[in-house]
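Coordinate analysis (summary)
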Amino acid sequence: MACSAHLLSQSLYSSHRASPAAPRSLRSQARPPAWASPAARPGSSARCCRGVSLRVAATFEQERRQVEVSYDPQAKFNQLADQIDKDAGMTRLNLFSPCKINVFLRITGKRPDGFHDLASLFHVISLGDTIKFSLSPSKSRDRLSTNVPGVPVDESNLIIKALNLYRQKTGTDNFFWIHLDKKVPTGAGLGGGSSNAATALWAANKFAGCIASEKDLQEWSGEIGSDIPFFFSRGAAYCTGRGEIVEDIPNLLPENLPLVLVKPPEACPTAEVYKRFRLEQASKADPLTLLKEITQNGISQDVCVNDLEPPAFEVLPSLKRLKKRIIAASRDDYNAVFMSGSGSTIVGIGSPDPPAFVYDDEDYKDVFVSEACFLTRDENEWYREPISSKAAFNKDELQASVTD
């Protein structure tokens, strides 16, 4: 791109370099050349003079247009740069990779394949990672890096699995350099890895010229993860089966409804939570009734049911105490407080602010805290990070922001 910019600048400003002392208004300074005057060419006919005058007029009109274009060099630069990018083809792409919460999560039974049937209202939120994709000259492997230690960068990462899946389904041979700038915590019940996989599929399809439909990407993605198909919804969906059956629910919740996320440093291993799940402990609420209530009346504590809370609280007893403390300290600031997914994130809907004890209590010095809002996307467009979206904080950062 630097080379392209250099070539463009040469193209744009070559005339100015040739005449560094050129007058500010070239049009007002222009004079016809000596040979254009009839007096300078004895014996010239009137017809010849008229022909010369027409040529001179045409010459001045061309110069006038050139001068006017040169007064907006940035627009010309952008136009030529766009043309170069178009001719060269796309070589890099930065995408937002948002996470989700489960507004309610009902577990309705166990399947013969070992998975559980669920019925859940998923919604994308504004907390997310940023993933940078660049075409690799290699035709044999992808290369993944990340800003967070401990995140796998080999074939076990869902990003790499998604890119392999896309090549398998389409026969394309693009390989990538990928950098994952991670903000969504792992082991949080927020679907960060699933979102990364969906984002990678979207990116691979863009580089290939969108040869697959969104429906194709959604169907394929279920082969590598149950939560991934959801992210090809418009941002809010009623999900059943393993989670791969996705029904879009448009205009469900206002995007300006604030949330706060509070996650302890301990994770809840999903497999362990499901292992401890007992169907007899599950809610008896009809998930379609919950959906109807939210659609008609919005969020309340009664509709934010999560059948995985009891087993998650067995795995991580401190998580149950955290939820209780948030509810007790909220003073009705939140419409609802509940755990997302299999944990360990506690969500408060109705206020972006965490309760005061998160600032003050030494037991919570390492908690992850982030404000968020609901997020959707338009058809044929990927999710965009809201301008007002804020990064996550730990306790020390929160205290610093208050005292600044």
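Look up a bit, the structure's there.
Residues numbered from 1 in each chain as written. Predicted model: local features only at pLDDT ≥ 70, side-chain atom pairs only at ≥ 80, totals over all residues. Heavy atoms only, no water.

What follows covers the sheet that holds strand β7 (residues 258-263). Taken in spatial order, the four strands make up an open sheet running β8-β9-β7-β10, and their pairing is antiparallel. This sheet does not close on itself; its edge strands, each paired only once, are β8 (336-339) and β10 (368-373). With direction set aside, neighbouring strand axes in the sheet form an average angle of 20°. Where β7 meets β10, six bridges bridge the pair, whose relative direction is antiparallel. By the bridge assignment for β10, Lys-263 is matched with Phe-368. Most of the contacts of helix α11 (residues 317-329) go to β8, to which it runs at about 170°, and overall it touches β7, β8 and β9 (346-349). (Pairing = 2+ DSSP bridges. Helix = DSSP H or I, 4+ residues; strand = E, 2+ residues; numbered from the N terminus. Axes fitted to C-alpha atoms, helices over the stretch in contact; angles between N-to-C directions. Contact = heavy atoms within 4.5 Å.)

Counting across every chain of the model gives one cavity of 30 Å³ or more. What the largest cavity holds in volume is close to 30 Å³. Contributing to the lining of the largest cavity are Tyr-166, Arg-167, Thr-172, Asn-174, Phe-176 and Ala-204. Of the residues in the lining of the largest cavity, the class split is three nonpolar, two polar and one charged. (1 Å grid on protein atoms, 1.4 Å probe; cavity = no way out; pocket = protein on both sides within 12 Å on 5 of 7 lines; lining within 4 Å. Points joined across faces, edges and corners; volume = space filled by probe spheres on them. Nonpolar A, V, L, I, M, F, W, Y, C, P; charged D, E, K, R; others polar.)

What follows deals with the layout of surface pockets. Space inside the largest pocket adds up to approximately 1,000 Å³. Lining the largest pocket are 40 residues, with Leu-158, Gly-191, Ser-194, Asp-227 and Thr-270 sitting closest to its centre. For the lining of the largest pocket, the elements supplying multiple residues, two or more each, are β1 (92-110), β2 (116-135), α6 (192-207) and α8 (270-276). In terms of residue count, α6 provides more of the lining of the largest pocket than any other element does, four residues in total.

In contact at an axis separation of 8 Å, helix α5 (residues 158-170) and α6 are set at 35° when each is read in the N-to-C sense. Where α5 crosses over α6, the two elements pack in a sense that is right-handed. Contact residues: Leu-158, Ile-159, Ala-162, Leu-163, Leu-165 and Tyr-166 in α5; Gly-193, Ser-194, Asn-196, Ala-197, Ala-200, Leu-201, Ala-204 and Asn-205 in α6. Looking at side-chain class alone, the contact of α5 with α6 contains 10 nonpolar, four polar and no charged residues. (Left-handed = near helix turned anticlockwise from the far one by under 90°.)

For the rest of this paragraph, the subject is helix α7 (residues 214-221). By the burial criterion, the buried members of α7 are Glu-214, Leu-217, Gln-218, Trp-220 and Ser-221. Residues of α7 that are buried sit in contact with α5, α6 and β6 (245-248). (Buried < 20%, exposed > 50% of the residue type's maximum accessible area, 1.4 Å probe, protein only.)

Tallied over the full model, the rule gives 16 salt bridges. With its nearest N and O atoms 3.2 Å apart, the salt bridge here joins Arg-234 to Glu-214. In this pair, Arg-234 is assigned in the loop between α7 and β5 (236-240) and Glu-214 in helix α7, connecting sequence segments 20 residues apart. Arg-234 gets classed as partly exposed once you look at its relative accessible area, which sits at 27%. For Glu-214, a relative accessible area of 15% translates into the label buried. Of the charged contacts in the structure, one is a salt bridge between Arg-384 and Glu-381, with a shortest N-O distance of 3.3 Å. Taking the relative accessible area as the measure of exposure, Glu-381 reaches 36% and is therefore partly exposed. In this structure, a network of salt bridges that share partners links the residues Glu-272, Arg-276, Arg-278 and Glu-314. (Salt bridge = Lys/Arg side-chain N within 4 Å of Asp/Glu carboxyl O.)

The N-to-C vectors of α6 and α7 enclose an angle of 140°; their axes lie 11 Å apart at closest approach. With respect to α7, the element α6 is oriented oblique. Two packed elements cross with a definite hand, and for α6 against α7 that hand is right-handed. Where α6 approaches α7, its residues Leu-201, Trp-202 and Asn-205 are matched on the opposing element by Glu-214, Leu-217 and Ser-221. In the contact of α6 with α7, the residues fall into three nonpolar, two polar and one charged. (Parallel < 35°, antiparallel > 145°, perpendicular 65-115°, else oblique.)

Here the focus is the environment of Tyr-364. Looking at where Tyr-364 falls in the secondary structure, it is placed in the loop between α12 (357-360) and β10. Residue Tyr-364 is classed as buried on the basis of its relative accessible area of 13%.

Of note, the amide linkage connecting Gly-343 to Ser-344 takes the cis form, showing an omega dihedral of 15°. With respect to the helices, strands and loops of the structure, Ser-344 is situated in the loop between β8 and β9. Even without being a glycine, Arg-331 presents a positive backbone phi close to 50°. Examined against the element boundaries, Arg-331 turns out to sit in the loop between α11 and β8. Phi at Asp-332 takes a positive value of approximately 65°, unusual for a residue other than glycine.

Attention now goes to the packing of aromatic side chains. Taken as a whole, this structure holds 10 aromatic pairs when the rule is applied. With a centroid separation of 5.1 Å and an interplanar angle of 45°, the aromatic rings of Phe-122 and Phe-230 are classed as tilted. Separated by 108 residues along the polypeptide, Phe-122 in strand β2 and Phe-230 in the loop between α7 and β5 bring together distant segments of the chain. Assessed through its relative accessible area of 0%, Phe-230 is described here as buried. Grouped by ring-pair contacts, the aromatic residues Trp-202, Phe-232, Trp-382 and Tyr-383 constitute a single cluster. We note Arg-242 situated over the ring of Phe-115; from NZ or CZ to the ring centre the distance is 5.2 Å. (Phe/Tyr/Trp six-rings, centres within 6.5 Å; stacked < 30°, edge-to-face > 60°. Lys NZ or Arg CZ within 6 Å of the ring centre and 35° of its normal.)

Coordinates in, geometry out; function isn't part of it.
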